[in-house]
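Reading the structure
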Amino acid sequence: MTDFEDAVHLIFAAETITDADYRRLRRIVHPDAAPLGSEGIATSAFTRLTELWESRIGPYTVLGDPITGDLADLFRVRSAKGTALLKVARDPADNDLLETEAAVLRRRKQKPAFFPRLFDTLVMDDDGDRRAANVLEHCAGFVSLAEVERAYPDGLDPRDAAWMWRRLLVALGAAHRAGVVHGAVLPEHVLIHPAEHGLVIVDWCYAVIGRGPIPALVARYRDAYPPEVPAKEPATPATDLYLASGLMLRLMGPRVHPALRRFADGCRLARPRMRPQDAWRLLAELDDLLHRLYGPRRFREFSVPA
Amino acid sequence: MGSGRWSTDVYTAAENFRAATGRSAFAYSDSGARTVHPSLDPRGVTVRESRDSAEHPASTPIAVLFDVTGSMGGVPRVLQTKLPQLLGLLLRKGYCTDPQILFGAVGDATCDRVPLQIGQFESDNRMDDDLANIVLEGGGGGQKTESYELAMYFLARHTDTDAKRHGRKGYVFLIGDELPYRSVKAREVRDVIGDRISEDIRTETLVAELTRNYHVYYLLPAGTAYAGDRTVLKRWRDLLGENVLELDDLDAVCETIALTIGLNEDTTDLDAGLADLADLGSSAVRTVGKALTPYSRAVRRRGRPVRAALPRSRGGSGSVRL
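Treat the numbers as computed from the prediction; the structure is a model and nothing was measured.

Helix and strand counts for chain A come out as nine helices and 12 strands. Taking the principal axes of the C-alpha coordinates as reference, chain A spans close to 80 × 45 × 35 Å. A burial count over chain A gives 51% of its 306 residues as buried. Of the roughly 14400 Å² that chain A leaves accessible, carbon and sulfur atoms contribute 51%. Each charge class in chain A can be summarised by its mean position, and for the 41 positive and 42 negative side chains these summaries are 9 Å apart.

In structure tokens, the structure reads:
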């Protein structure tokens with residue numbers, strides 16, 4: 001193949017482009033420099049190359065259209081280090097929430113299990129409007145509990161919900177020990193790996209580090225929150241435990257075992273002080289209950305039909 | 001506020017006039033005034049505003065508040081003579097767009113007559129008038145604590161900026177040598193500012209609220225009672241992280257502030273900024289370099305503004321602010 005054919009081939013096969021490749025290929029496929037008779041192909045290769053170049057943000061290339069989150073747009077991006085998720089505040093007024101997420105995940109850097117890794121933070125400048133962005137680990141193979149809920153409209157078998165509940169409590173316990181309250185334990189924010197029974201809590205935008213009220217609530221789930229959140233009272237681990245128990249009830253729906261319902265109700269009392277305060281202790285209680293209901297723990301295959 | 005144009009000529013003229021008439025730059029204070037000047041009284045103020053205008057389409061609000069209590073020694077007077085240079089320096093070097101500067105002063109609400117003085121965001125000579133009207137307390141409680149948290153409360157709840165609407169933060173520089181109180185007292189907020197709040201607010205909570213809209217810095221200058229004090233530095237670092245700067249030479253205060261803004265806005269880097277200073281004939285190059293080297297590393301770690309026109313999906317935020 002000639003240099004020209006080589007370049008055209010490369011351009012149409014590429015999903016991303018480096019600085020050096022861009023400069024090199026640009027010279028070769030520039031329509032003015034194209035071999036006689038190849039002006040047409042040169043023009044389309046040049047257009048494609050420009051597209052590749054313009055889809056770059058700093059060191060990242062955007063792949064495809066955004067996924068719409070509650071307050072951010074999420075783009076799959078690729079960099080020299082691999083693929084990741086670029087999460088950009090839709091409204092500059094929410095920049096502080098993205099900054100909170102970055103601050104939380106930086107704290108959690110040492111123990112990344114249960115939390116997505118934070119690779120980078122950016123500020124996008126679009127004609128004077130600045131939007132905060134976090135570059136996060138793309139949790140491949142994970143699905144959200146919102147998707148699980150859609151896949152099991154009649155409710156989840158409590159024995160399947162059990163491992164999710166257990167891991168959710170472990171993850172929350174780890175966050176609480178680090179002095180962080182998640183503040184939005186909702187279906188979209190808990191991801192599971194169906195086959196490996198993994199769990200990751202995402203979207204730390206609503207979190208509270210230390211003590212203080214939760215800064216914002218997700219409008220669609222207003223009813224899921226405990227009373228201290230709209231009352232702007234300080235969030236505590238009990239806030240997360242209320243939300244987590246509510247989420248589990250929601251997933252099991254009509255299939256919930258009455259004993260598990262009572263257990264969850266005991267975590268959802270109106271006064272935070274009357275609820276359990278420690279996720280890991282609550283896990284021990286839950287384990288006792290699960291043992292009484294279902295005997296020794298056994299691994300159950302789980303899948304989420306598309 | 002914030003309209004008008006900085007005129008060096010008028011400033012110089014005012015300066016010359018002061019020199020000729022032998023009036024101190026702190027004329028209000030030195031005339032014996034011991035109460036807050038009406039233009040700087042925080043009581044009953046709804047908001048101090050920083051607005052965009054045809055003249056200033058991309059305003060950058062900057063608040064500079066300094067401790068005026070006795071522990072600061074002669075520092076407040078030096079600041080008063082240096083700070084008028086800040087706006088000109090920012091404009092000349094282009095470190096940020098359309099700066100609008102508010103000057104203010106912090107005292108001790110537990111024992112001072114004038115615990116908080118706060119001007120307007122200005123982009124002309126009026127900021128210099130505000131500086132001249134600041135009362136120097138010279139008191140202070142002698143317990144290594146001043147009411148910085150009261151100032152932060154005011155800035156968090158009583159300022160409104162157009163920059164915020166564009167996702168751009170303003171800047172707050174607190175210059176002092178002591179600790180903030182652990183929380184802002186509801187009673188002091190009522191007495192000094194006039195707001196009725198139901199309970200005291202922890203200083204950490206206020207810092208979190210203030211940093212939503214401002215980059216907040218603490219500058220500890222040499223020549224003050226607690227310069228280099230470990231307890232003071234540690235407390236502020238716990239609150240503000242790398243945004244705590246030690247300043248060896250008070251003469252360099254404007255350069256330090258300007259370059260901090262420039263680094264953060266990504267309009268300059270440390271080497272270029274220091275070269276700028278050397279070009280200006282500044283004697284502050286070394287001290288600014290020393291103060292800002294760790295900070296510039298932190299800025300690089302945090303990431304810089306990237307120009308990008310990403311598609312935005314429709315609809316605003318799906319979250320409700322509490």
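Now that the structure is up, let's keep going.
What follows covers the interface of chain B and chain A. Contact with chain B, which involves 31 residues of that partner, is made by 40 residues of chain A. Between chain B and chain A, a total of about 3100 Å² is buried, with carbon and sulfur atoms accounting for 50% of that surface. Three residues, B:L310, B:R312 and B:L322, lead the burial of chain B against chain A; their summed loss comes to 24% of the area buried on that side. Linking chain B to chain A there are five salt bridges. In this structure, B:K169 engages A:E99 in a salt bridge whose closest nitrogen and oxygen atoms are separated by 2.6 Å. Where chain B touches chain A, the interface holds 12 residue pairs in polar contact (both at pLDDT 80 or more). Secondary structure elements with two or more residues in the side of chain B that touches chain A: β13 (305-307) and β14 (319-321) of chain B. Broken down by class, the residue content of the side of chain B that touches chain A amounts to eight nonpolar, 11 polar and 12 charged. In terms of strand pairing, strand β12 (residues 216-218) of chain A meets β14(B) through three bridges, oriented antiparallel. Across the sheet, the residue bridging to A:A216 is B:R321, located in β14(B).

The next point concerns the pattern of salt bridges. Residue and element names in this part refer to chain A. Enumeration according to the criterion identifies 39 salt bridges over all chains in this entry. Here R275 makes a salt bridge to E228, at a shortest N to O gap of 2.9 Å. Here E228 lies in the loop between β12 and α7 (237-252) and R275 lies in the loop between α8 (258-265) and α9 (279-294), a separation of 47 residues in the sequence. Grouping residues by exposure puts R275 and E228 together as buried.

So, about the packing of aromatic side chains. Aromatic rings considered in pairs are described by the distance between their centres and by the relative angle of their planes. A complete count under the given rule lists 11 aromatic pairs over all chains for this structure. Aromatic pair B:Y217 and B:Y295: ring centres 5.5 Å apart, planes at 75°, arrangement edge-to-face. Here B:Y217, found in strand β11 (residues 214-221), pairs with B:Y295, found in helix α13 (residues 285-302); they are 78 residues apart in sequence, far enough to count as distant. The class for B:Y295 is buried, based on a relative accessible area of 1%. Here a set of aromatic residues connected by ring pairs shows up, and it is made of B:Y171, B:F173, B:Y217 and B:Y295. The ring of A:Y242 carries A:R268 above its face, with NZ or CZ at 4.6 Å from the centroid.

Where β11(B) lies against strand β12 (residues 244-247) of chain B, four bridges are found, and the strand directions are parallel. Counted as the bridge partner of B:L219 is B:L245 from β12(B).

Residues and elements named next belong to chain A. Within helix α2 (residues 19-29), burial applies to Y22, L25 and V29. Relative to the axis of α2, the buried residues are bounded by an arc of 80° and lie together on one face. Residues of α2 that are exposed and point more than 90 degrees away from the buried face comprise R23 and R27. Those residues of α2 hidden inside the fold are in contact with α1 (3-13) and α3 (39-54).

Attention shifts here to the packing of α2(A) against α3(A). Residues and elements named next belong to chain A. At a minimum axis separation of 10 Å, α2 and α3 run at an interaxial angle of 160°. The orientation of α2 relative to α3 falls into the category roughly antiparallel. Between α2 and α3 lies a crossing of left-handed hand. For the pair α2 and α3, contact is made by D19, Y22, L25, R26 and V29 and by A42, A45, F46, L49 and W53, respectively.

Before going further, it helps to examine the sheet that holds β11(B). In a beta sheet, neighbouring strands pair by backbone hydrogen bonds and run either parallel or antiparallel. Residue and element names in this part refer to chain B. As summarised here, the arrangement of the six strands in space is β4-β3-β2-β7-β11-β12, forming an open sheet in which the pairing is mixed. Each end of this open sheet is capped by a strand with a single partner; those strands are β4 (116-118) and β12. Each neighbouring strand pair of the sheet contributes to a mean axis angle of 20°, computed without reference to strand direction. Strand direction decides the pairing type here: strand β2 (residues 60-67) and strand β3 (residues 99-106), joined by eight bridges, are parallel. Of the residues in β3, the one forming a bridge with D67 is V106.

All names here are of chain A. Taking 1.5 Å of rise per residue, 20 residues should cover 28 Å, and helix α6 (residues 158-177) covers 28 Å from first to last C-alpha, within 8% of that figure. Among the 20 residues in α6, 16 count as buried, and that is most of the element. Its side-chain oxygen at 2.8 Å from the backbone nitrogen of R159, D157 defines the N-terminal cap of α6. Immediately beyond the C-terminal end of α6, within one or two residues, lies G179, with a positive phi of roughly 80°.

Let's shift gears to the nonpolar core. Residue and element names in this part refer to chain A. Counting 70 residues, the largest nonpolar core has L145, M164, W165, L168, I192, W204 and Y225 as its most contacted members. Ranked by residue count, the leading element in this core is α6, at 11 residues. Two domains share this core, each providing at least three of its residues, namely domain 2 (62-137) and domain 3 (143-294). Apart from the residues within four sequence positions on either side, W204 is in contact with T100, E101, V104, L105, F115, P116, A175, V180 and H182.

Right, let's talk about the state of the cysteines for a bit. Enumeration over the complete set of coordinates arrives at zero disulfides over all chains. Cysteine A:C205 shares no disulfide, and the gap to the nearest cysteine sulfur, in A:C139, comes to 14 Å.

Reading the values: the criteria
- The written sequence of each chain sets the order in which its residues are numbered from 1.
- Here chains are named by letter from A upward and ligands by number from 1 upward, in the order in which they appear as written.
- For this predicted model, a pLDDT threshold of at least 70 governs which residues receive local features, and a threshold of 80 or more governs which side-chain atom pairs are given and counted, while totals over whole chains, interfaces and linings are taken from all residues.
- To obtain the side-chain values, all non-hydrogen atoms of the structure were included, while hydrogens and water were left out.
- Strands here mean DSSP runs of E at least two residues long; helices mean DSSP runs of H or I at least four residues long; both are numbered from the N terminus.
- A 1.4 Å probe rolled over the protein chains alone gives each residue an accessible area, and that area as a share of the maximum for its type sets the label: buried under 20%, exposed over 50%, partly exposed in between.
- Only the protein chains shown count as cover for residues, with accessible areas throughout obtained via the Shrake-Rupley method and a probe of 1.4 Å.
- Charged residues are defined narrowly, with Lys and Arg counted positive, Asp and Glu counted negative, and His plus the chain ends left uncounted.
- Just so you know, the charge point we use is NZ for Lys, CZ for Arg, CG for Asp and CD for Glu.
- Two residues form a contact once any of their heavy atoms are found within 4.5 Å.
- Two parts placed together each lose some accessible area under a 1.4 Å probe, and adding up what both lose gives the buried area.
- In the sections that follow, a salt bridge refers to a side-chain nitrogen of Lys or Arg positioned within 4 Å of a carboxyl oxygen of Asp or Glu.
- Polar contacts, as counted here, are pairs of nitrogen or oxygen atoms within 3.5 Å of one another; within protein the pair requires one atom able to donate a hydrogen and one able to accept it, and residues that are adjacent in sequence qualify only if both atoms are side-chain atoms.
- Note on residue categories: nonpolar means Ala, Val, Leu, Ile, Met, Phe, Trp, Tyr, Cys or Pro, charged means Asp, Glu, Lys or Arg, and polar means any other residue, Gly included.
- Here a strand pair is declared whenever DSSP counts at least two bridges between the two strands.
- Aromatic pairing here means that ring centres of Phe, Tyr or Trp (its six-membered ring) are within 6.5 Å. Orientation follows from the plane angle: under 30 degrees is stacked, over 60 is edge-to-face, and everything else is tilted.
- Remark: a charge is flagged as sitting over a ring if the NZ atom of Lys or the CZ atom of Arg is within 6 Å of the ring centre and within 35 degrees of the ring normal.
- This arc is built from the directions going out from the helix axis to the C-beta atoms.
- Lines fitted to the C-alpha atoms define the axes, with helices restricted to the stretch that makes contact. Angles between their N-to-C directions range from 0 to 180 degrees.
- Orientation categories follow fixed angle ranges, with anything under 35 degrees roughly parallel, anything over 145 roughly antiparallel, 65 to 115 roughly perpendicular, and all other angles oblique.
- Here a crossing is taken to be left-handed if its near helix is turned anticlockwise relative to the far helix by less than a right angle, and right-handed if that turn runs clockwise.
- The span one expects for a helix is its residue count, reduced by one, times 1.5 Å.
- Take the buried Ala, Val, Leu, Ile, Met, Phe, Trp, Tyr and Cys residues and link them wherever side-chain atoms come within 4.5 Å; each set so joined is a nonpolar core.
- Either an automatic procedure or a domain database provided the assignment from which the domain bounds are taken.
- By disulfide we mean two sulfur atoms from cysteines, separated by a distance within 2.5 Å.

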